[in-house]
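# Remarks on the overall topology
Chain by chain, the residues run as shown.
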Amino acid sequence: MTVHFKQDEPDNSNRLDGMKQGVLGKPLPRIEGLAKVTGTAPYAAEYPVENCAEGVLVTATITRGEVTSIDRESVLSMPGVIAVIDDEKLCTRAAQGTANEAPMQGPAQVCYWGQPIALVVAETFEQARDAAKHLNVEYRVEEGAPLDPGAVEPEEQEGETVHQGDLAHAMVEAAHSIDVTYTTKGHASAAMEPHAAIAEWDGDKLTVHASLQMLNYNITELADALDMEEDDVRLISRYVGGGFGSKLGISEEVVAAALAAKQVGRPVRVVQSRQQVFQTVMRRSETTQHLRLAADDNGKLVGFGHEALVSNLPGESFAEPVLQSSHFLYGGENRELMLKVARIHRMTAGSVRAPGEAVGMPALEGAMDVLAKKAGIDPVELRLRNIPEDDPEEGLQFSSHKLAECLKQGADAFGWDKGLRKPRQRREGEWWVGTGMASAARVHNISEAKARVTLKADGTALVETDMTDIGTGTYTILAQIAGEMLGLDPKRVLVELGDTRHPRGPGSGGSWGAASIGSAVYVACKAIREELAAKIGTSEDKLELNEGKTATGESLTDLLEGKDLAREGHYEPGDIEDDYTASGFGAFFAEVRVNHYTGETRVERMLGAFGFGRVLNAKTARSQCIGGITWSIGLALTEALEFDPRDGHLVNCDLAEYHVPVHRDVPDLDVVLVEERDAAASPIQAKGIGELGMCGGAAAIANAIYNACGARLYDYPMTPDRVLAAMPD
Amino acid sequence: MRPFQYTRAPSLAEASNLTAGKDTLAIAGGTNLLDLMKLQVEKPGKLADINRLGFADIEDTGDGGLRLGALATNTETAVHPRVRSDYPVLSRAILAGATQQLRNKATNGGNLCQRTRCFYFTNIDQPCNKREPGSGCGAIDGIAKLHAILGTSDQCIATYPGDMAVALSALGATVEISGDKGERSVPVCDFHCLPGDTPWIENILEPGEIITGIVLPAPVGGKQIYRKVRERSSYAFALVSVAAVLELTNGRFSRADLAFGGLAHKPWHDPRVGECLLGQVPSDALFDKAADILLEDARGFGENDFKIPLTRRTLHAVLSQATEDAA
């Protein structure tokens, strides 16, 4: 039985706070943690499948053109080689998040260096890889493919442009104004588990084990790519070794494995190499961002300009939504916002953790520091003075807004010195030491979601949905929500995820997983509670459940009388989505050291204070924050995709040369979880926390670099060469 | 990976015989070689495993020096009590490289023979004169931030990536080599080659020659410093590194042995740099003069132009540190 709940109004009842089990929000360790650290949780490529052949993708060595011939004979005689697949259904790009349709297909047309053009299948992985490298391919090259986003005429992205008032005039008239341009480089998700799939056919039925974030969309994408009915496809992703956006949509290996398995009549596994993952899946676009801020004597913004240039391949709908939080974070009646996309022939640009704010916020919050300096106002105070009453563009009220609390609590916890700020005040040996701060903001996303909860006759519960856990703690929080609602120790709740045979969840992406699927579980549990309440002649809102018993001592097993009680919860966000502007907010504080001689920057300590609605598990939430801050460190100091200027290929395509922070780069990080219940965010009053922790943190580091050594940089990452170039003598 | 034969060399002589063949490479720790084989940058038909040949000890030499077996691991070497007390620059250089897991497996001889991490060398679908003579250099006019500023040629601007050899150069160590023509010793400073017109030749080993050990001379006084500049604080190759053995007597430099990493196709050792410091009172002007000599012929390729001022500043930092510690 399905119970549908569409949320049109805020829910201020905070029902979960009144439940008696008392497990929600507790810092429980991850349910699947032991299996993962002992290697017993199988990842996509690790499922034991008999008689499995191995496929390796062959990738293009030209930038743009056409494959004119593939010399199969050149490899079919090699040991173990079974087939060369160049089916026109092969995908040449990964699907964008929530695309819900097949990504670009047709491997004969080449649009970027490194694009998959064929698959070689062999008995062993080593044989397939060797043959893939030996496959002779001929091309007709189309010269002159544009590669430099600054050298083409960009398109304006629809729906992003805002012209309000007269910013140019405000810039001239205002007491303080700044006009700066920031840049960010491309980023990779760099998830630990490479993209992989094992495809098996049983007649016309296809089962694929894959590493994916959003099965609900992925099954549609795969069925569309293969011209199949969804009912004939099953996708399984029980454990995902990190996604960070790169597994939102199906990528090339999923379709390749399915096509190959069909053709060779046996299961086929395709695992992308680390280099292929870097070069063929998704990049975050580089950005150029022009910021204009105008403020009155008190530092109150009267003008706000944020214009950004990003890039993508022709034909891709995604444009890094740089301005997403700029639309509502600060006031200022004269506004100019615009997003432009340059069409170039580098690999596909798509979602990488916190698309938009990840790069937009570091630029905006850097600019705010420049303004604070110019206006002579403490940077925390400047932000406090500019928190708008309502959404400054839409006029909508905020669902809930914790920026001020985050700024204040964060400043207190960090020990922020509100005194006059001047650069170069503290030197320890070769090192300049300084502090900086920034606001955090990340829009709240939520989606329709379904989950089935079964209260078993034996007094345990089962939660089933095709939702994924990409390492964020979904298994655990769903057990906590069900346990809280049904009065059960979470150990008595079995959570089954990552299988399209279960009710459709929203998938993990855009930080929407916990609030969306958590709400579906909540809706299902509430329906079960209604049944139970009826059995003892009370109402659901008066039903108290704790440790498998009611307040009056009846046990769940007695009430169930030997029968399971199952409900499918179907949550759908209704008018709340249109009636409110909803966002997570926060504040970052950083202390850094900058070496006077070498320009090396090391983060000494960093703190983030975040408000994102109800905390479902204090441990997994904190871990998400720490992960986000760690990404902020990488974005600020080291991470940069480098593309060859002549053929556009991604040059630093492994974890040795794409520099994510190492342990030594990440000091003790402190996280303050700011208490919040957001009634208009979801029925469980929760928002997302998977991304907020990296939305602005890099600016806290950049601003600290300036405070430390006086080098004001506008280009991320702030590598030693750039720091030295900006370092005063 | 292409199919290859694997043979365990039963003796040094047999290892020499095996590796004298064009198609055979010696394998010790394999931390670099196996990666390159997977990428098909290296395509040996046969591997001769030399791990059981002995020469894995670290032992005193008769004259107060220390012999590092070629098959001793980087970890064993870095933590050896005599290395730590008498040659700390070497210990620090080794620990500044790679990761603990790699250092546990990597050997001293293999470390000397590791190959460049140039992006164009490791991508077989890009031109590289080192990997495929005559195909061109992808790095020149390409992504060259990590590349060389000294001793480059129009054929190759790759750097030698290691840290250990930079410290060995400053310490005046020698490499002991065994081959079918007998044994020879070569200073570490002369072991690696500049690219010139033969960038595929990276060191002076002849076919069939095997490194058996590295000999450190008797320790000298002074301050030993290894300074490695990099974007992230571990598991990254040097933008520039400096290995220094420096001593001041009566306020003047009485010893100044310096070598540099990240600047060239080999650890850069220009004796004139140290010589200009000897007998002089430390000063910014003196340090600048040393940097002028070092960087006299330095040439950037756009993206790596910053290495020239960075090297100057890093040399200043090292010389200042030695001076302050002495004061």
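A quick note: this is a predicted structure, and the numbers were derived from the prediction, not measured. (Residues numbered from 1 in each chain as written. Chains lettered and ligands numbered in written order. Predicted model: local features only at pLDDT ≥ 70, side-chain atom pairs only at ≥ 80, totals over all residues. Heavy atoms only, no water.)

## Overview of the overall build of chain B
What chain B contains, in helices and strands, is twelve helices and eleven strands. Its C-alpha atoms give chain B a radius of gyration of 20 Å, within 12% of the compact-globule value 20 Å for 327 residues. For chain B, the spread of C-alpha atoms along the principal axes amounts to about 60 × 50 × 35 Å. Contacts in chain B between residues at least 24 apart in sequence constitute 62% of all its contacts with a sequence separation of at least 6. The averaged location of the 38 negative side-chain charges in chain B is 5 Å from the averaged location of its 34 positive side-chain charges. (Helix = DSSP H or I, 4+ residues; strand = E, 2+ residues; numbered from the N terminus. Rg over C-alpha atoms; globule rule 2.2 N^0.38 Å. Contact = heavy atoms within 4.5 Å. Lys, Arg positive; Asp, Glu negative; His and termini not counted. Charge placed at Lys NZ, Arg CZ, Asp CG, Glu CD.)

## Focus on the state of the cysteines
Taken as a whole and judged by the stated rule, the model has zero disulfides over all chains. Looking at A:Cys653, it has no disulfide partner, and the nearest cysteine sulfur is the one in B:Cys118, 12 Å off. By relative accessible area, A:Cys653 is classed as buried at 10%. No disulfide involves A:Cys695; its nearest neighbouring cysteine sulfur is the one of A:Cys625, lying 11 Å away. (Disulfide = S-S within 2.5 Å. Buried < 20%, exposed > 50% of the residue type's maximum accessible area, 1.4 Å probe, protein only.)

## Quick notes on the domain arrangement of chain A
All names here are of chain A. Its domain assignment divides chain A into domain 1 (2-41 + 446-578) and domain 2 (394-444 + 582-726). Between domain 1 and domain 2, the C-alpha centre-to-centre distance is 33 Å. One can count two salt bridges joining domain 1 with domain 2. For the pair domain 1 and domain 2, the interface holds eleven residue pairs in polar contact (both at pLDDT 80 or more). Among the elements of the structure, β1 (2-7), α1 (15-18), α12 (474-486), α13 (513-535) and α15 (576-579) are those that each provide at least two residues to the side of domain 1 that touches domain 2. By residue number, the principal contributor to the side of domain 1 that touches domain 2 is α13, which donates five residues. Counted by class, the side of domain 1 that touches domain 2 contains 15 nonpolar, 13 polar and five charged residues. (Domains from an automatic or database assignment. Salt bridge = Lys/Arg side-chain N within 4 Å of Asp/Glu carboxyl O. Polar contact = N/O pair within 3.5 Å; in protein donor to acceptor, adjacent residues only side chain to side chain. Nonpolar A, V, L, I, M, F, W, Y, C, P; charged D, E, K, R; others polar.)

## Focus on the interface of chain A and chain B
Each partner contributes residues to the interface: chain A has 40 residues there, and chain B has 41 residues. For the pair chain A and chain B, the summed buried surface comes to about 3,300 Å²; carbon and sulfur atoms form 52% of the total. Across the contact surface, chain A and chain B share two salt bridges. In this structure, B:Lys145 engages A:Asp721 in a salt bridge whose closest nitrogen and oxygen atoms are separated by 3.3 Å. Here chain A and chain B share 19 residue pairs in polar contact (both at pLDDT 80 or more) between them. Only α4 (125-134), α8 (274-280) and α18 (720-726) of chain A provide two or more residues apiece to the side of chain A that touches chain B. Ranked by the residues each element gives to the side of chain A that touches chain B, the list is headed by α4(A), at five residues. For the side of chain A that touches chain B, a count of residues per class yields 13 nonpolar, twelve polar and 15 charged. (Buried area = accessible area lost by both parts, 1.4 Å probe.)

## Quick notes on unusual backbone geometry
Residue and element names in this part refer to chain A. Going from tyrosine 716 to proline 717, the amide bond is cis rather than trans, its omega being -5°. By secondary structure assignment, the location of proline 717 is in the loop between α17 (697-709) and α18. Even without glycine at this site, aspartate 227 takes up a positive phi of about 55°. With respect to the element layout, aspartate 227 can be found in the loop between α6 (215-226) and β13 (233-236).

## With respect to the domain arrangement of chain B
Accessible area lost when the parts come together is the quantity often used to give the size of an interface. Structurally, chain B comprises domain 1 (5-48) and domain 2 (223-326). One C-alpha centre belongs to domain 1 of chain B, the other to domain 2 of chain B, and the line joining them spans 36 Å.

## With respect to a negative patch on the surface
Residues and elements named next belong to chain A. A surface patch of like charges, here negative, comprises Glu9, Asp575, Glu577, Asp578 and Asp579. Mapped onto the elements, aspartate 579 comes out in helix α15. Given the relative accessible area of 35%, aspartate 579 is considered partly exposed. (Patch = residues over 30% accessible without salt bridge, like charges linked within 9 Å, V, L, I, M, F, W, Y side chains within 5 Å. Areas by Shrake-Rupley, 256 points an atom, 1.4 Å probe, with all protein chains shown as cover.)

## What about the environment of A:Leu309?
Residue and element names in this part refer to chain A. In this fold, leucine 309 is placed in strand β16 (residues 301-312). Linking leucine 309 and aspartate 647, residues 338 residues apart in sequence, is a C-alpha distance of 21 Å. In contact with leucine 309, not counting residues within four places along its chain, are Pro149, Pro154, Glu286, Thr287, Thr288, Lys340, Val341 and Ala342.

## Some points on the sheet that holds strand β3 (residues 46-49) of chain B
Residue and element names in this part refer to chain B. Strands sit in the order β1-β3-β2 across an open sheet of three strands; the sheet is parallel. A single partner strand is all that each edge strand has here, and the edge strands are β1 (5-8) and β2 (24-27). The mean angle between the axes of side-by-side strands here comes to 25°, regardless of whether they run parallel or antiparallel. The pairing of β1 with β3 spans four bridges and is classified as parallel. Bridge pairing links tyrosine 6 to leucine 47 in β3. Across the sheet, helix α1 (residues 12-20) is in contact with β1, β2 and β3; its angle to β2 comes to roughly 140°. (Pairing = 2+ DSSP bridges. Axes fitted to C-alpha atoms, helices over the stretch in contact; angles between N-to-C directions.)

## A word on the environment of B:Thr122
Residue and element names in this part refer to chain B. Summarising the element assignment, threonine 122 is placed in helix α8 (residues 119-122). Considering only alpha carbons, one finds threonine 122 and valine 83, 39 residues apart in sequence, at a separation of 33 Å. Setting aside residues no more than four positions away along its own chain, threonine 122 makes contact with Leu36, Leu39, Val41, Thr116 and Arg131. A polar atom in the side chain of threonine 122 sits 3.4 Å from the backbone oxygen of phenylalanine 119.

## Thoughts on the packing of aromatic side chains
All names here are of chain A. One pass over the full model with this rule turns up 13 aromatic pairs over all chains. Residues tyrosine 182 and tyrosine 714 carry aromatic rings whose centres are separated by 5.2 Å and whose planes lie at 70° to one another, so their mutual orientation is edge-to-face. Of this pair, tyrosine 182 sits in strand β10 (residues 176-184) while tyrosine 714 sits in the loop between α17 and α18, and the two are 532 residues apart along the sequence. Among the aromatic side chains, those forming a connected cluster through ring pairs are Tyr182, Tyr714 and Tyr716. Geometry around tryptophan 631 places arginine 353 over its ring, the cationic atom sitting 5.3 Å from the centre. (Phe/Tyr/Trp six-rings, centres within 6.5 Å; stacked < 30°, edge-to-face > 60°. Lys NZ or Arg CZ within 6 Å of the ring centre and 35° of its normal.)

## A short note on the pairing of β3(B)
Residues and elements named next belong to chain B. With four bridges joining them, β2 and β3 adopt parallel strand pairing. Within the sheet, the bridge partner assigned to isoleucine 27 lies in β3 and is aspartate 49. After leaving β2, the chain enters helix α2 (residues 33-38) and then returns to the sheet as β3, a path that is right-handed. (Right-handed = clockwise from strand over helix to strand, strands pointing away.)

## What to know about the sheet that holds strand β2 (residues 53-59) of chain A
Residue and element names in this part refer to chain A. Here we have seven strands laid out as an open sheet, ordered β4-β6-β2-β14-β11-β12-β13, and mixed in their pairing. The sheet terminates laterally at β4 (81-85) and β13, the two strands that pair on one side only. With strand direction ignored, the average angle separating the axes of adjacent strands in the sheet is 20°. Bridging between β2 and strand β14 (residues 268-271) involves three bridges; their strand directions are parallel. Bridge assignment links alanine 53 to a residue of β14, and that residue is valine 268. Where α6 meets the sheet, its contacts fall on β12 (205-210) and β13, and the angle it forms with β13 comes to roughly 135°. Contacting β2, β4, β6 (116-122), β11 (196-202), β12 and β14, helix α7 (residues 252-264) crosses the sheet at an angle of about 35° to β11.

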